[in-house]
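# Structural overview
The lines below spell out each chain.
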Amino acid sequence: MSLDLSIQLAPRHKQGLLLANPVMTASGTFGYGMEYSQVFDIQKLGAIICKGTTLEPREGNPQPRLVETSCGVVNAIGLQNIGVEALIREKAPIWAGWRVPVIVNIAGNTVDEYAKLAAALEGVAGISGIEVNISCPNIQAGGAAFGTEPGPAGEVTAAVKEATSLPILVKLTPNTGDIAAVATAAAKAGADAISLINSVKGMVIDINERRPVLGNISGGLSGPAIKPLALALVYEAASAVDIPVIGCGGITSTKDAIEFIMAGASAVQVGSATYSNPRASLDVLEGIEQFMKQEGISKLSEIIGAARQ
Ligand SMILES: Cc1cc2nc3c(=O)[nH]c(=O)nc-3n(C[C@H](O)[C@H](O)[C@H](O)COP(=O)(O)O)c2cc1C
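About the criteria used
- Residues numbered from 1 in each chain as written.
- Predicted model: local features only at pLDDT ≥ 70, side-chain atom pairs only at ≥ 80, totals over all residues.
- Heavy atoms only, no water.
- Pairing = 2+ DSSP bridges.
- Helix = DSSP H or I, 4+ residues; strand = E, 2+ residues; numbered from the N terminus.
- Axes fitted to C-alpha atoms, helices over the stretch in contact; angles between N-to-C directions.
- Parallel < 35°, antiparallel > 145°, perpendicular 65-115°, else oblique.
- Contact = heavy atoms within 4.5 Å.
- Expected span 1.5 Å × (residues − 1).
- Near = heavy atom within 4 Å.
- Polar contact = N/O pair within 3.5 Å; in protein donor to acceptor, adjacent residues only side chain to side chain.
- Areas by Shrake-Rupley, 256 points an atom, 1.4 Å probe, with all protein chains shown as cover.
- Nonpolar A, V, L, I, M, F, W, Y, C, P; charged D, E, K, R; others polar.
- Left-handed = near helix turned anticlockwise from the far one by under 90°.
- Phe/Tyr/Trp six-rings, centres within 6.5 Å; stacked < 30°, edge-to-face > 60°.
- Buried < 20%, exposed > 50% of the residue type's maximum accessible area, 1.4 Å probe, protein only.
- Disulfide = S-S within 2.5 Å.
- 1 Å grid on protein atoms, 1.4 Å probe; cavity = no way out; pocket = protein on both sides within 12 Å on 5 of 7 lines; lining within 4 Å.
- Points joined across faces, edges and corners; volume = space filled by probe spheres on them.

## Observations regarding the sheet that holds strand β14 (residues 219-222)
Within the open sheet, the 4 strands sit side by side as β5-β6-β14-β11. Their pairing is antiparallel. Across the chains shown, the open sheet's two edge strands, defined by having one partner strand only, are β5 (66-69) and β11 (200-202). Averaged over all neighbouring strand pairs, the angle between strand axes comes to 35°, with direction disregarded. Relative to β14, β11 is paired through 3 bridges, and the arrangement is antiparallel. Its bridge partner lying in β14, G202 is registered against G219.

This is the structure in structure tokens:
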């Protein structure tokens with residue numbers, strides 16, 4: 001039986017963003033893809049999302065930045081990255097020789113910074129799309145993340161859309177009261193797809209030292225601990241918008257990924273699972289193929305949203 005796992009992630013976009021399969025790596029958990037290309041054939045993946053990129057290089061937060069907790073990790077890396085110029089100079093030329101599409105995750109503190117980042121990536125060979133991380137603090141509006149309210153989420157999306165002809169994914173934060181409203185605002189402002197969720201605000205305390213473990217005090221919780229939360233938000237967001245939704249949050253197995261697809265996700269991202277199993281994303285992909293064979297499913301699209309009531 002021939003299997004069709006391909007997914008059009010940007011159906012409203014002129015060129016579209018066709019992925020050979022729905023499994024990608026989550027930003028910040030796979031570097032720029034180079035290290036993992038030594039571990040397994042990363043070209044088999046649907047797409048790679050690189051580390052969050054800012055206009056200037058960033059050193060990140062004080063150590064410690066990563067702490068394990070029950071069924072997950074809490075991180076406060078603080079967007080340590082090489083900056084957009086170095087990314088264009090050093091990484092994009094390597095990606096240009098890859099079969100797997102690479103999507104660049106961008107982060108800014110003002111709407112203008114996001115627009116400048118998008119403009120800088122325009123026309124660069126090796127970059128297939130932009131993922132806009134709207135979990136960053138909006139410093140011109142008191143520091144609340146852009147993604148907590150529909151207004152600023154739409155504003156950032158519109159500015160990025162205006163600045164680039166690349167397909168754009170907008171990555172939502174779970175730290176909002178109304179995910180459907182934020183998803184709708186992003187879709188209306190021109191997002192080609194939305195991805196969710198980013199990590200959930202969290203903290204760990206060292207009871208002997210009587211202080212928070214992370215140098216940044218709090219951070220973002222990820223891993224299996226957040227999966228049911230992520231799944232419910234993906235279900236809700238997918239019901240609210242008519243653009244593709246990419247599910248992320250605690251996916252460690254094929255079963256997890258299929259749950260997200262049945263909740264309405266057209267594709268999935270594997271994040272923290274890569275830390276305990278560097279080839280987790282490929283294992284998930286191979287498992288999806290096996291599941292489709294077992295269940296007699298020839299096209300993945302047959303099961304997208306299959307669990308929606
Ligand atoms: C160490 C670490 C760094 C991350 N860096 C970014 C980032 O730069 N940009 C971003 O949008 N998300 C970032 N994330 C969030 C992940 O991409 C993902 O949304 C989140 O971890 C939930 O998925 P998971 O439970 O599969 O890890 C990071 C997560 C971790 C654990």
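Back to the text.
## Some points on the packing of helix α5 (residues 227-240) against helix α6 (residues 254-263)
Two numbers describe how α5 lies on α6: the axes approach to 8 Å, and their chain directions differ by 25°. Relative to α6, the element α5 lies roughly parallel. On α6, the residues that touch K227, A230, L231, V234, Y235 and A238 of α5 are K255, D256, E259, F260 and A263.

## Remarks on helix α3 (residues 150-163)
Over its 14 residues, α3 extends 20 Å from the first C-alpha to the last, a length consistent with the 20 Å expected when each residue adds 1.5 Å. Where α3 is buried, its residues meet β7 (102-106), α2 (111-121), β8 (129-133), β9 (168-171) and α4 (179-188).

## Examining the site of the ligand
Taken together, 23 residues lie near the ligand, and S27, K171, G223, G250 and S272 sit nearest. Between the ligand and N105 there is a distance of 3.0 Å, counted from an oxygen atom to a side-chain nitrogen or oxygen. Contact between the ligand and G250: an oxygen atom at 2.7 Å from a main-chain N or O atom of the residue. Alone, the ligand offers 610 Å² of accessible surface; in the complex the protein occludes 97% of this. Taken together, the residues of the shell around the ligand break down into 7 nonpolar, 14 polar and 2 charged.

## Describing the packing of α3 against α4
Each pair of packed helices can be summarised by the angle the axes make with each other and by the distance between the axes. Where α3 contacts α4, the two axes come as close as 8 Å, and the packing angle between them is 25°. The orientation of α3 with respect to α4, classified from their angle, is roughly parallel. Classified by chirality, the crossing of α4 by α3 is right-handed. Note on element contacts: α4 touches α3 through A181, V182, A185 and A186, opposite P150, A153, G154 and T157. Taken together, the residues that form the contact of α3 with α4 break down as 6 nonpolar, 2 polar and no charged.

## Comments concerning the packing of aromatic side chains
Scanning the entire structure with this criterion turns up 4 aromatic pairs. Each ring, one from F30 and one from Y36, has its centre 4.3 Å from the other, and the planes form 10°; the classification is stacked. Judged on exposure class, the residue F30 and its partner Y36 are both buried. Ring geometry for Y114 and F146: centres 5.3 Å apart, planes at 90°, overall edge-to-face. Separated by 32 residues along the polypeptide, Y114 in helix α2 and F146 in the loop between β8 and α3 bring together distant segments of the chain.

## Looking at unusual backbone geometry
Here Q63 and P64 are connected by a cis peptide whose omega angle stands at -15°. Locating P64 in the fold gives a position in the loop between β4 (47-49) and β5. Omega for the peptide link from L196 to I197 comes to 15°, which places this bond in the cis form. The phi dihedral of L79 is positive, around 55°, even though this residue is not glycine. Relative to the assigned elements, L79 resides in the loop between β6 (72-75) and α1 (84-95). One non-glycine residue with positive phi stands out, namely I217, at about 75°. With a relative accessible area of 44%, I217 lands in the partly exposed category.

## Remarks on the state of the cysteines
The tally for this structure, following the rule as stated, stands at 0 disulfides. Note on C50: no disulfide assigned, nearest cysteine sulfur contributed by C136 at a separation of 13 Å. The class for C50 is buried, based on a relative accessible area of 0%. The cysteine C71 is free of any disulfide, with C248 supplying the nearest cysteine sulfur at 17 Å. Given the relative accessible area of 55%, C71 is considered exposed.

## So, the layout of surface pockets
Considering only enclosed or pocket space, the second largest pocket measures out at about 170 Å³ in volume. Within the residue set of the lining of the second largest pocket, elements represented by two or more residues are β5, β6 and α7 (273-276). When residues of the lining of the second largest pocket are assigned to their parent elements, the largest contribution, 3 residues, is made by α7. Among the residues forming the lining of the second largest pocket, the class breakdown is 6 nonpolar, 6 polar and 1 charged.

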